[in-house]
Structures are given as C-alpha cells and as structure tokens.
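Each chain is listed here by its residues.
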Amino acid sequence: MRVAIFSTKPYDRTFLSRAAASHGHELTFFEPRLDRTTARLAEGFPAVCAFVNDTLDAEVIATLSSGGTRIVALRAAGFNNVALDAAEEKGVTVLRVPAYSPHAVAEFSVGLLLALDRRIHRAWARVRENNFALEGLLGHDLHGRTVGIVGTGRIGALVARAYRLGFGCEVVAHDRYEVDDLKAIGVTYVDRDELIERSDIISLHCPLTPETHYLIDEAAIARAKQGFLLINTSRGALINAEAVIGGLKSGRIGGVALDVYEQEADLFFEDLSSEIIQDDVFQRLLTFPNVLITGHQAFFTEEALLAIAETTMGNIADEEAGKVSPNRVLSEKVAGKG
Ligand code: NAD
C-alpha cells in the first residue's frame, strides 16, 4: 500500500523503511507535521502514518478522506490528537501501536526522578566547568519515601515495581482497575486525593482524558505534601503548567521533571536553538533550578522504534487484507456500543 508518512525524522525513515519491506508497502516521507496546512500532501495515498504532535481534527480528517485516505496509522500509543468521531463518519480507520516498549518509558521516568532529586544534570554541567563543589546538589534517599503512581497500566505498573522492589519505596497507586500483582508486592491503591496528599513523589502514567485533564492543578498542588516532586512522562495537559509555576515559586513543589508539555507541538522534535521561543510559560519553567525538561524522549529506544515500526506497518497490512485489527481505535460512542 502507498503510505504518506508525516513528521518524518531520519530515524523514522530507517526503522519504517526496514519494517515496510516485508509487507511490500511503498512509503513517501514528508518532513512537515500533519495539520490543516499540510493535509493535502496526502492526496492519493490510501494510508497516512502520523505521530503524536500531528493534528488530526475533523477538518484534517475531511481533507484526508476527500483525497482518498482510508487508513490513519498512528505510530504511537496515544490518540488524543485524533477526532475519532469525524474519522468514523468519513469511514477512515484509525490504528495505533498500543504497546511497544513500556520499559523504555518506565525506565526513563525513573531516570528523570533520579536526575532531578540528585541533581545529576546540574552536576554534569558543573564538572564540565571544573566546578566540583557539592553545594546545591543535596538530594534525598529514595528508599523509604512514598511514591504515588497515577495509572498502573503497562508503564505505570513497571514504574511501581521499580520503586517498590528496586528502591524499597512505599508505593501508593490510583487507577480504575487494581492490579493484583502490584498489591501482592505491597502497592496500596488509594483514591486520587489521598495519593496526592501522601506522596513525596507523584508520577503520572494515565492517559489524557477529560477526567485527567489538569489532574495536577492549583487545588491538587495546595493539597500535596510540602516539597513534593512531580514527574510527567504521559501527556502535557495532565498538569496545569501555570499552576505548577505558582507551586514552584511558593516552594510547595520541590521539583518537576517533564518529558511532555501541553503546548509541545510548537516546540518538541525540532532544533529551535537559534529561534526566539514565544511560549513564556515554557520559558519560565526552564528558569527554575529544580525543573528538568526533556523533549518527549521517553519512548526513544532502539527496541521501541523497532516495535513501533513493525506494528505500524503490520497494522496497515492487516487493514489492507480486511482483517479486524485489535489495534483499531474506536470513538467512545462506537466502543461503548461494542
Ligand atoms: P495503559 O493504557 O497501559 O495504562 C494507562 C492506565 O491509566 C490504565 O491502567 C488506565 O486504567 C489508567 N487510567 C485511565 N484513566 C485513569 C484515571 N482517570 N485515573 C487513574 N488512572 C487512569 O497505557 P500505558 O502504555 O501505560 O501508557 C501510559 C501513558 O504514557 C499513555 O497514555 C501515553 O500518554 C504516555 N506515553 C508517553 C510516552 C513518551 O514517550 N513520553 C510514550 C508512550 C506512552
């Protein structure tokens, strides 16, 4: 099948081309993000492959559909950037990669916490300047601290295990579904408010939904422990960044590590080192010594890219062959009926 790949980076070409070969797909790579201004590039392509910061709103779906596209293959797990109702209305099938390497994200998330609390990123910069002073680098033992995990799905469960079994932390969790294996190792499920109140470290691993939007807002920050650390590798809009700035200024928040940011589509995955960044909230976040930000990198391992490419190309092949894919994403309206 002819596939238009959007938001292409050199590593996408490498991994997707390799995976496409065994399915006989013909790939055309476009560097721009998919949005209203670029959707026409997909004219004549029955399949489009999109990434996390591509915009697939109703207008883009309509343009794709009128250009002959009937498959949208997301090379990602999250699908909050797709207007699923519009896709169903136009007969466009949306497929995703539900799991590729939960280890990649879980390990990165724990790495962020360690770097943030032990100031590893700041120490690295200092030592390069021959500054070996320890003042300002004081951290805490992780052992014995309470970590709150919001969302104990594939990634959250691995993170909970790492903190509980690897570091000997107390782990409290919140999810609609409780995982018996986690309870067996001493993870305690609590409601969201109790998790926020009890945690020294809050680590977010739930999807972005209306229910989880701004889960960390001014009220949550006020309720949380003095000096708590916040780690977000899930989706930017789980936290209200302006409220977080307030919490950092007052000292209620002891540190923040983010791999995702609500307005990241304007920033991440590009080299903007010679540009003037217009996002004042993001720029303010960067000024805090106790904030560590990475550019949506948690998934970025060789194993994950290989798995993403293979599942994405397999999804398109299955759809082409008329198979009903378990990786199809349905709107709540349709999923609810099924
Ligand atoms: P998953 O579907 O396996 O787990 C998500 C869990 O969240 C589920 O157990 C679900 O029941 C729970 N959940 C849903 N609503 C909730 C709520 N209101 N409160 C508490 N829990 C709730 O997903 P996953 O594979 O573990 O991925 C988790 C998130 O990580 C994804 O949604 C995605 O946004 C993000 N992610 C980020 C990267 C990255 O590179 N930074 C890569 C992959 C995934």
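Residues numbered from 1 in each chain as written. Predicted model: local features only at pLDDT ≥ 70, side-chain atom pairs only at ≥ 80, totals over all residues. Heavy atoms only, no water.

Under an unreviewed UniProt entry, the name given to the chain is Hydroxyacid dehydrogenase, and the source organism is Pleomorphomonas diazotrophica. The Sequence similarities (unreviewed entry) comment attached to the chain in UniProt states, word for word, "Belongs to the D-isomer specific 2-hydroxyacid dehydrogenase family." (UniProt positions renumbered as here; feature names shortened; annotations may be inferred.)

**What about the pairing of strand β11 (residues 253–258)?**
Regular strands place their side chains on alternate faces of the sheet. Burial runs high along β11: five of the six residues are buried. Note: strand β10 (residues 228–232) against β11, five bridges, orientation parallel. Of the residues in β11, the one forming a bridge with Asn-232 is Leu-258. Read from β10 through helix α10 (residues 241–250) to β11, the crossover connection turns out right-handed. Bridge analysis of β11 against strand β12 (residues 291–293) gives three bridges, and the strand direction is parallel. Of the residues in β12, the one forming a bridge with Ala-257 is Leu-292. Handedness of the crossover joining β11 and β12 through helix α11 (residues 280–287): right-handed. (Buried < 20%, exposed > 50% of the residue type's maximum accessible area, 1.4 Å probe, protein only. Helix = DSSP H or I, 4+ residues; strand = E, 2+ residues; numbered from the N terminus. Pairing = 2+ DSSP bridges. Right-handed = clockwise from strand over helix to strand, strands pointing away.)

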